Amino acid sequence: MAGATLSVQPDSDGPVKTGTVIPFIRRDAAADKNELYLSVEGVHCAGCIHKIESALLKFPEVMQARLNFSTRRLHLAWSGAEDMADRFARTVSDLGYRVTPFDPDAAMRRDDGHTRFLLLCLGVAGFAAGNIMLMSFALWTTSAATMGPAMRDFLHLVSALIAVPTVVFSGRPFFLSAWKALSARRTNMDVPISVGLILTTGMSCFELLNHGEHVYFDSVVMLTFFLLIGRYLDDLARSSARRAAGDLIAMMAGAASVVESGKIKSVLIRDLREGMTASIAMGERIPADGVVESGASEIDCSLVTGETIPQPVGPGDPVYGGTINMAAPILVKIRKQAEDSLLGEIIRLMEKAEQGQARYVRIADRAAKLYTPVVHALALLAFLGWVFVGGMAWQPALMVAVTVLIITCPCALALAVPVVQVLAVSRLMRRGIMVKGGDVLERLAGVDTVIFDKTGTLTLGHPALVNGNAIAPGEMQLAASLAARSRHPLSRALTQAYKGDFLDIDVREIPGAGLESVVQGRRVRLGSRGWCGLADDSALRDMMEIVLAVEGETPVIFLFRDLPRSDAADVVRGLERRGIKVMLLSGDRSGIVENIARDLGIAQWQGQITPDGKYKILEGLHAGGHKVLMVGDGLNDAPVLAGADVSISPSSAIGMAQNAAQIVFTGDDLAPVMTAIDTARFSQKLVRQNFIMTILYNLIAVPVAVAGFVTPLVAAVAMSLSSLCVTVNAFRLRRRV
Amino acid sequence: MSVLLFMIPLALFLGLIGLAAFIWSIKSGQYSDLEGAARRILIDEDPE
């Protein structure tokens, strides 16, 4: 690293830098126990688990090393010195896995806690449902005459002893949610569920005390059980994707290396203060806005501005948080704290956008809004009808009204949506598409406009050599041999394009300029135009280039372009065939954007557009009643990602964009965008079919209930059958996706 | 029939034991990594 002013380790892809994990350690001094959570990438089999755990357990200090395979998180506990952590992290990364420390923040643990709470409620309800059938089968199959009223009362009593605590314990998820909705003067699916559960339990207790013939304890427990299955599935679908997103936030909240009186210290990014000097290694992200203090390098701003060509910087030049240092280590004087920087402004814009999104009402809650008044009115009418027209006493009439509520209790309705969505989400997950929550699919199904970002979304986000065929093999070999010594993105692209052997030469890297060597007594340079002795030619400026200059020969120009993803054109055509309008908005130069738009057949495009400008266009589309899907990966897209009806981000995107997006996909293809839309549309069709089935069911069941023909057995059979129907229908998704 | 007075509570008691075991298994984190548990079975124990 000649010319570098610092002796920091420049290798960003290699082992963890010293000190980076220290701020994440939780130390319990009294018990002499340190704890650390690491997110480990690249684990894919039992062998990996074993290799990592056994390597760590070889240290005598390690008390616990357990890798959670589902979340890819490693939990480490050890006694003794805190800075052992560096060695542990390096041990894992030496095995070939990428490790990132993260802070298991409180929100994430609350999330896990909720899933566990639902599972506990589900378990209790399942136990109760199984055991109460012990009584119910006897009650259903024999009459009071053969059994005797005393025996019947005894069985009823035992049922009550099981059912009442179960409803109190396992009904809580519904009661709490219903209460929250009611106190906000809204209604949701949980309101009729709660009313149904409470009324049925109350009425059955009343019947029990009066030695009545029918009690519905079995129905109420079964109902709770089925409803909880739906609720648990729903939660599962959200939490898996949310956890993936949580990892990303944690990484963003990483650490920076700060130089203090000649020593390098690791500081959490959120603890950075104005005036601190941060050392930025090659390939590292700049943690906050600042000014270059020393060193010369090139900065990749593509995630902030969308521009593909790296910007050269030197002492005194401003740099923005979130951009990546490409060419050489630099020292940056922090000018603004992380939250006040450009990044912070984008975050504020995102928050504004998210507030707008909170207005979306899930389809199940929309259904509940219609459903609740109708069902409750029907029950009331049945009661009044029997008392005043049918001349029935009020107790049996109330019983009829309650059976109407039981039989219409939205059991199937509560399963109709989550079962479909969970299946769809898990299928997509297996194909590398992470969907954060079932309601995302509802919104995705209704999309009529797609906005694409350019860099990293329609394109791969890294340059590739385009004029390789026009270059002589000897020159190619020479250039590649020089480039192999550099981590500059263009050098890497050049090395990648070359397939043969490398020359054994000594190479010197001159930061901000290029690479130099002496081959067979002649000076060879690989780098920028000016440095290699060529005049600036702006005609070629929509391409990136490096020049190979051998002393005494004509310089050779290597051209690079950020190539579109291989199936981008197909995806654009496919979307248009489905009646979806496609737009391209980019912060990059208009010339580059126009080329890509023409190549891919996108009619509506705009270049050189600021994050705020993108957001204004989105607002315009919203005002026109359009449902917008945003596909983007950069910081400049983040507000639009957060404000669009749905948003998709590739997994190469920065953490903030992935966090703002509701869907994240992996891989080099753009096809997942189409797969996600198709799956969303098909699952929405299944949801609609399920709703129709439940309505049909109610059209038959309600008259029967109003007529007073419903017994506990009829209720149990009807409920199970309707739930089974919607579940089976949902499984049709398996064959399609 | 009076045998039921004995059998039903017994059946429920057995069920409760199962429930208690289930609650314990949730609390001790047995369900936090189902995928990993399925794979860990393939790891050979090192001979001591």
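Thresholds applied
- Residues numbered from 1 in each chain as written.
- Chains lettered and ligands numbered in written order.
- Predicted model: local features only at pLDDT ≥ 70, side-chain atom pairs only at ≥ 80, totals over all residues.
- Helix = DSSP H or I, 4+ residues; strand = E, 2+ residues; numbered from the N terminus.
- Contact = placed C-beta atoms within 7 Å.
- Pairing = 2+ DSSP bridges.
- Axes fitted to C-alpha atoms, helices over the stretch in contact; angles between N-to-C directions.
- Nonpolar A, V, L, I, M, F, W, Y, C, P; charged D, E, K, R; others polar.
- Buried ≥ 20, exposed ≤ 12 C-beta atoms within 10 Å, placed from the backbone.
- Parallel < 35°, antiparallel > 145°, perpendicular 65-115°, else oblique.
- Left-handed = near helix turned anticlockwise from the far one by under 90°.
- Expected span 1.5 Å × (residues − 1).
- Arc of directions from axis to C-beta.
- Core = buried A, V, L, I, M, F, W, Y, C linked by C-beta atoms within 7 Å.
- pLDDT = per-residue confidence, 0-100.

1. A closer look at the overall build of chain A
Now for step 1: Across its full length, chain A holds 25 helices and 27 strands.
Now for step 2: Of the contacts made within chain A by residues no fewer than 6 positions apart, 70% connect residues no fewer than 24 positions apart.

2. Some words on the sheet that holds strand S15 (residues 433–435) of chain A
All names here are of chain A.
Now for step 1: The sheet built from 7 strands is open, its strands ordered S15-S27-S26-S25-S16-S23-S24 with mixed pairing. Two strands in the sheet have a free side with no partner beyond their single neighbour: S15 and strand S24 (604–606). In this sheet, neighbouring strand axes are inclined to one another by 20 degrees on average, regardless of whether the strands run parallel or antiparallel.
Now for step 2: The pairing of strand S23 (residues 581–585) with S24 spans 3 bridges and is classified as parallel. The residue bridging Met-583 from the neighbouring strand is Gln-604, located in S24.
Now for step 3: Lying over the sheet, helix H20 (residues 611–623) contacts strand S16 (449–452), S23 and strand S25 (628–631), oriented at roughly 160 degrees with respect to S25.
Now for step 4: Against the sheet, helix H23 (residues 671–706) touches S15, S25, strand S26 (646–650) and strand S27 (663–665), its axis set at about 45 degrees to S15.

3. What about the interface of chain A and chain B?
Now for step 1: Opposite the 17 residues of chain A that make contact, chain B presents 20 residues.
Now for step 2: Listing elements by their share of the side of chain A that touches chain B, those giving two or more residues are helix H1 (46–57), helix H3 (106–141) and helix H5 (149–170) of chain A.
Now for step 3: It is H3 of chain A that provides the largest number of residues to the side of chain A that touches chain B, a total of 8 residues.
Now for step 4: Class assignment of the residues belonging to the side of chain A that touches chain B gives a composition of 11 nonpolar, 5 polar and 1 charged.

4. Points about unusual backbone geometry
All names here are of chain A.
Now for step 1: With phi around 55 degrees, His-211 is a residue other than glycine that occupies positive phi space.
Now for step 2: By the element assignment, His-211 lies in the loop between helix H7 (190–209) and helix H8 (217–252).
Now for step 3: Looking at His-211, the number of C-beta atoms within 10 Å reads 12, which means it is exposed.
Now for step 4: Unusually for a residue other than glycine, Gln-608 sits at a positive phi of about 45 degrees.

5. Here's the deal with the environment of Ala-603 of chain A
All names here are of chain A.
Now for step 1: Structurally, the position occupied by Ala-603 is in the loop between helix H19 (590–600) and S24.
Now for step 2: Overall, the presence of 12 C-beta atoms within 10 Å leaves Ala-603 in the exposed class.
Now for step 3: Each C-alpha atom, one on Ala-603 and one on Pro-489, is 31 Å from the other, the two residues being 114 residues apart in sequence.

6. A look at the pairing of strand S3 (residues 62–68) of chain A
Residues and elements named next belong to chain A.
Now for step 1: Across 6 bridges, the pairing between S3 and strand S4 (residues 73–78) is antiparallel. Across the sheet, the residue bridging to Val-62 is Trp-78, located in S4.
Now for step 2: Where S3 folds back onto S4 in an antiparallel hairpin, the turn is made up of 4 residues, including Arg-72, whose phi is positive at roughly 60 degrees.

7. With respect to the pairing of S25 of chain A
Residue and element names in this part refer to chain A.
Now for step 1: Of the two faces of S25, the one holding Val-628 and Met-630 and the one holding Leu-629 and Val-631 are both buried throughout.
Now for step 2: With 4 bridges connecting them, S16 and S25 associate as parallel partners. For Ile-451, the partnering residue across the bridge sits in S25 and is Met-630.
Now for step 3: Note: S25 against S26, 3 bridges, orientation parallel. If you follow Val-631 over to S26, its bridge partner there is Ile-648.

8. So, the sheet that holds strand S13 (residues 324–325) of chain A
Picture the strands of a sheet paired through backbone hydrogen bonds; they go either parallel or antiparallel.
Residue and element names in this part refer to chain A.
Now for step 1: Taken in spatial order, the 3 strands make up an open sheet running S11-S10-S13, and their pairing is antiparallel. With one partner strand each, in any of the chains shown, strand S11 (311–313) and S13 form the two edges of the open sheet.
Now for step 2: Across 3 bridges, the pairing between strand S10 (residues 297–300) and S11 is antiparallel. Paired with Glu-298 across the strands is Pro-312, a residue of S11.

9. Observations concerning the packing of H23 of chain A against helix H24 (residues 712–730) of chain A
How two helices pack is summed up by the angle between their axes together with the distance between the axes.
Residues and elements named next belong to chain A.
Now for step 1: Where H23 contacts H24, the two axes come as close as 9 Å, and the packing angle between them is 160 degrees. Taken together, the axes of H23 and H24 are roughly antiparallel relative to one another. In this structure, H23 meets H24 at a crossing whose hand is right-handed. Of the residues in H24, those touching H23 at Leu-686, Gln-689, Asn-690, Met-693, Thr-694, Tyr-697 and Ala-701 are Ala-718, Ser-722, Cys-725, Val-726, Asn-729 and Ala-730.
Now for step 2: When the residues that make up the contact of H23 with H24 are grouped by side-chain class, the tally is 8 nonpolar, 5 polar and no charged.

10. Remarks on helix H6 (residues 172–183) of chain A
Residues and elements named next belong to chain A.
Now for step 1: Its 12 residues give H6 an end-to-end C-alpha distance of 16 Å, which sits within 8% of 16 Å, the value for a rise of 1.5 Å per residue.
Now for step 2: Every buried residue belonging to H6 is among Pro-173, Phe-174 and Ala-178, and all of these are buried. All buried residues of H6 fall inside an arc of 120 degrees around its axis, so they share one side. Seen from the open side of H6, the exposed residues pointing more than 90 degrees away from its buried face are Leu-176, Lys-180 and Ser-183.
Now for step 3: Following H6 by one or two positions, Arg-185 adopts a phi angle in the positive range, close to 60 degrees.

11. What about the nonpolar core?
Now for step 1: Judged by nonpolar contacts, the single largest core of 135 residues is most densely connected at Val-221, Leu-444, Leu-629 and Ile-663 of chain A.
Now for step 2: For Leu-629 of chain A, the contacting residues outside a window of four places in its chain are Leu-444, Val-447, Val-450, Ala-644, Asp-645, Val-646, Ser-647 and Ile-648 of chain A.

12. Looking at the environment of Val-447 of chain A
Now for step 1: Within the element layout of this structure, Val-447 of chain A appears in the loop between helix H14 (439–445) and S16.
Now for step 2: Considered as a pair, Val-447 of chain A and Arg-598 of chain A are 151 residues apart in the sequence and their alpha carbons are 24 Å apart.

13. Some thoughts on the confidence of the model for chain B
Now for step 1: Confidence in the prediction for chain B averages 82 pLDDT; 90% of positions are at 70 or higher.
Now for step 2: We note a pTM of 0.71 for the whole complex and an ipTM of 0.84 for its interfaces.

14. Quick notes on the confidence of the model for chain A
Residue and element names in this part refer to chain A.
Now for step 1: Averaged over all residues, the pLDDT of chain A equals 80, while 85% of them reach at least 70.
Now for step 2: Model confidence for chain A, summarised as mean pLDDT per element, is weakest for helix H10 (residues 342–357) at 58 and strongest for S16 at 93.
Now for step 3: This stretch, residues 1–16, has a pLDDT under 50; its non-local contacts, to residues over four places away or in other chains, come to 40 contacts.

15. Details of the environment of Val-375 of chain A
Now for step 1: By the secondary structure assignment, Val-375 of chain A is in helix H11 (residues 363–389).
Now for step 2: Residue contacts for Val-375 of chain A: discarding those within four places in its chain leaves Pro-192, Leu-405 and Thr-408 of chain A.

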